[in-house]
Amino acid sequence: MDKESYFLNLLAQSGITQNLNDDCALLSPLLFKDKRYIIAADSFVENIHFKMSHKDSNFLHPKPCHYSNEIDSKVLSKYTKSPTPTHKDIDSKNKWLSYENLAKKAFLVNISDILSSGALPQYALLSIVLHKDMKNTQIQEVLQGITSVCKEYNITLIGGDTMCGRELSFHITLIGHLIGKYLHRDRVKNGDLLAYTSIRKGNLGSSFKTLKKLLRYGTNKHILPRHVIETTHRDSRFALPFLRMAFLKKSHRLLHACMDISDGLANEIKRLESQNKLTLLPYSTLKKEVYQSGEEYELLFSFKEKDLAALQRIADSTRTQIHVVGKFGRYKPHFFHTIQWHT
């Protein structure tokens, strides 16, 4: 058991928690008369989620240990034709994101939790630790990213804390208002279908694919140009996730349970099976990279089989593709190839 799971298990046994199974928590309806609110918190920390070279104002390169050490040495060597790059190689090759887009991603991963729970973000609290060596121009880039994403999603920043330290980190709390029912993870029903979203004519796997290219080549202008990473190109999903707000707004009434895909489809399926005490019968065998690719931030949701046609029409109207994975029930457990995406 990893340290994070060990800590969460101890916390659940402490007697001071309610429900830790969702990414968000529903605030008491008694506190608010007109709307129901949910709250979510997330951190984005240097040397855990990414690495920075603060002497260079334009780029960052995530740490290769988005995987455990075992995954880093075995899986990456399997998926690349050359030997797994050393830390020295990675430090010299991979400089991927601007400070502006780093700040955007810090917010987007939290906004994704709010959206996948059936709500729209409204307020934010931001506690940020600025690296002591950051220049004013770098701080301005961070602010540009925060301002841009807050304006795009109509988020008002209402407080937080600011300090300087040895690592750049973002600690964000978001409050969102529900647009309908709260989409708990443990609301899957026997007989539900399970599906996920993706770009049209696409699938999961681009985040993992991009990460492997970046680990091996960096932003090589002939293989993976930097302007591709920081645009809406499909290879930019690892750096800048695209969130399915339009699809969720139209489909939430038809969904039973929903979550985002942050740790890979296979890991999320296992969570849903465990929390709902059901097993998934897959309709087909998907490629390993589809099951394993994390940080996709696509929606994963369950629903009645009779609503599939309606959801397909909504997907078409919002330029989204949905993929049906299988059906929940009392089936023999199926083995899914998983990797530990985050440590």
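Parameters at a glance
- Residues numbered from 1 in each chain as written.
- Predicted model: local features only at pLDDT ≥ 70, side-chain atom pairs only at ≥ 80, totals over all residues.
- Heavy atoms only, no water.
- Helix = DSSP H or I, 4+ residues; strand = E, 2+ residues; numbered from the N terminus.
- Buried < 20%, exposed > 50% of the residue type's maximum accessible area, 1.4 Å probe, protein only.
- Contact = heavy atoms within 4.5 Å.
- Areas by Shrake-Rupley, 256 points an atom, 1.4 Å probe, with all protein chains shown as cover.
- Polar contact = N/O pair within 3.5 Å; in protein donor to acceptor, adjacent residues only side chain to side chain.
- Pairing = 2+ DSSP bridges.
- Axes fitted to C-alpha atoms, helices over the stretch in contact; angles between N-to-C directions.
- pLDDT = per-residue confidence, 0-100.
- Left-handed = near helix turned anticlockwise from the far one by under 90°.
- Nonpolar A, V, L, I, M, F, W, Y, C, P; charged D, E, K, R; others polar.
- Core = buried A, V, L, I, M, F, W, Y, C linked by side-chain atoms within 4.5 Å.
- Expected span 1.5 Å × (residues − 1).
- Salt bridge = Lys/Arg side-chain N within 4 Å of Asp/Glu carboxyl O.

Visitor: What is the right way to look at the overall build of the protein chain in this model?
Guide: Scanning the protein chain from terminus to terminus reveals 11 helices and 12 strands. Counting only residues that meet the buried cut, the protein chain has 50% of its 343 residues in that class. Expressed as a percentage of contacts within the protein chain between residues at least 6 apart in sequence, the contacts between residues at least 24 apart total 86%. Looking at the protein chain as shown, the accessible area adds up to about 16900 Å², and 52% of this sits on carbon and sulfur atoms.

Visitor: It is not clear to me how the environment of Lys 306 should be interpreted in this structure. Could you clarify?
Guide: Position of Lys 306 among the secondary structure elements: in the loop between strand E11 (299-303) and helix H11 (308-317). At 3.4 Å, the side chain of Lys 306 forms a polar contact with the side chain of Asp 307.

Visitor: Teacher, can you tell me more about the sheet that holds strand E10 (residues 279-282) here?
Guide: Backbone hydrogen bonds are what pair the strands of a sheet, in a parallel or an antiparallel way. Read across the sheet, five strands follow the order E9-E11-E8-E12-E10 without closing on themselves; strand pairing throughout is antiparallel. Both outer strands of the open sheet, strand E9 (255-260) and E10, are each paired with one neighbouring strand and no more. In this sheet, adjacent strand axes meet at a mean angle of 30 degrees when their direction is disregarded. Where E10 and strand E12 (residues 321-329) come together, four bridges link them in antiparallel fashion. Bridge assignment links Leu 280 to a residue of E12, and that residue is Phe 328. Of the strands in this sheet, strand E8 (193-198), E9, E11 and E12 are in contact with H11, which crosses E12 at around 155 degrees.

Visitor: Sorry if this is basic, but what is going on with the side chain of Ser 198 here?
Guide: Its place among the elements puts Ser 198 in strand E8. Judged by relative accessible area, Ser 198 falls into the buried class, the value being 1%. Polar contacts involving the side chain of Ser 198 include one to the side chain of His 323, which spans 2.7 Å. Those residues in contact with Ser 198 that sit more than four places away from it in its chain are Asn 203, Arg 244, Glu 298, Thr 320, Gln 321 and His 323.

Visitor: Would you take a moment to explain the confidence of the model for the protein chain for this structure?
Guide: In low-pLDDT segments, the atomic positions of the prediction should not be examined closely. Summing up the model confidence of the protein chain, the mean pLDDT is 77 and the portion of residues at 70 or higher is 70%. Summarising per-element confidence for the protein chain, the mean pLDDT is lowest in helix H3 (residues 87-93) (34) and highest in H11 (96). Segment residues 220-230 is flagged for pLDDT under 50; beyond a separation of four residues in sequence, or across chains, it makes 28 contacts in the model.

Visitor: Teacher, can you tell me more about the packing of helix H4 (residues 99-116) against helix H5 (residues 136-152) here?
Guide: When two helices pack together, you describe them by how their axes are tilted relative to each other and by the distance separating the axes. The geometry of H4 relative to H5 is characterised by a closest axis approach of 7 Å and an angle of 35 degrees between their N-to-C directions. Crossing angle aside, the handedness with which H4 passes H5 is right-handed. Note on element contacts: H5 touches H4 through Gln 138, Glu 141, Val 142, Gln 144, Gly 145, Ile 146, Ser 148, Val 149 and Cys 150, opposite Tyr 99, Glu 100, Ala 103, Lys 104, Phe 107, Leu 108 and Ile 111. Here the contact of H4 with H5 is built from residues that sort into nine nonpolar, four polar and three charged.

Visitor: Looking at this structure, I do not really get the nonpolar core. What am I missing?
Guide: Within soluble globular proteins, side chains that are nonpolar generally end up buried alongside one another. By size, the foremost hydrophobic cluster in this structure holds 49 residues, and its most contacted members are Phe 107, Ile 111, Val 142, Leu 168, Phe 170, Phe 247 and Phe 301. In contact with Phe 170, other than residues within four places in its own chain, are Asp 42, Ser 43, Phe 44, Leu 102, Ala 103, Ala 106, Leu 126, Ser 127, Ile 128 and Val 142. In this structure, Ala 266, Leu 272, Leu 278 and Val 325 belong to the second largest nonpolar core, which totals 18 residues.

Visitor: I keep staring at helix H9 (residues 265-276) and nothing clicks. Help me out?
Guide: Residues three or four positions apart in an α-helix share a direction because the helix packs 3.6 residues into each turn. The terminal C-alpha atoms of H9, which comprises 12 residues, lie 16 Å apart, in line with the 16 Å expected from a rise of 1.5 Å per residue. Of all the positions in H9, only Leu 265, Ala 266, Asn 267, Glu 268, Ile 269, Leu 272, Glu 273 and Asn 276 are classed as buried. The inward-facing, buried residues of H9 abut E8, E9, E10, helix H10 (288-292), E11 and E12. Of the residues one or two after H9, Lys 277 is the one with positive phi, at around 55 degrees.

Visitor: How should H4 be read in this particular structure?
Guide: Between its first and last C-alpha atoms H4 spans 26 Å; for 18 residues at 1.5 Å apiece the expected length is 26 Å, and the two agree. Among the 18 residues that make up H4, 16 are buried, leaving the element largely enclosed by the rest of the structure. Of the residues one or two after H4, Gly 118 is the one with positive phi, at around 95 degrees.

Visitor: Explanation requested: the pattern of salt bridges in the structure shown.
Guide: Counted under the stated rule, the structure contains eight salt bridges. The partner of Arg 271 in a salt bridge is Asp 263, with the nearest N and O atoms 2.8 Å apart. When the shortest N-O distance is used, the salt bridge between Lys 306 and Asp 307 registers 3.4 Å. One connected set of salt bridges, linked through shared partners, spans Asp 263, Glu 268 and Arg 271.

Visitor: Even after reading the chapter, I still don't get the side chain of Gln 138, so can you show me in this structure?
Guide: Inspection of the secondary structure assignment puts Gln 138 in helix H5. A polar contact of 2.7 Å, which involves the side chain of Gln 138, links it to the backbone nitrogen of Lys 135.

Visitor: Sorry if this is basic, but what is going on with the environment of Leu 248 here?
Guide: Within the element layout of this structure, Leu 248 appears in helix H8 (residues 245-251). Given the relative accessible area of 0%, Leu 248 is considered buried. C-alpha separation for the pair Leu 248 and Ala 315, spaced 67 residues apart in sequence, amounts to 9.5 Å. What Leu 248 contacts, discounting residues up to four positions off in sequence, is Leu 115, Gly 118, Ala 119, Ile 179, Leu 183, Leu 255 and Leu 299.

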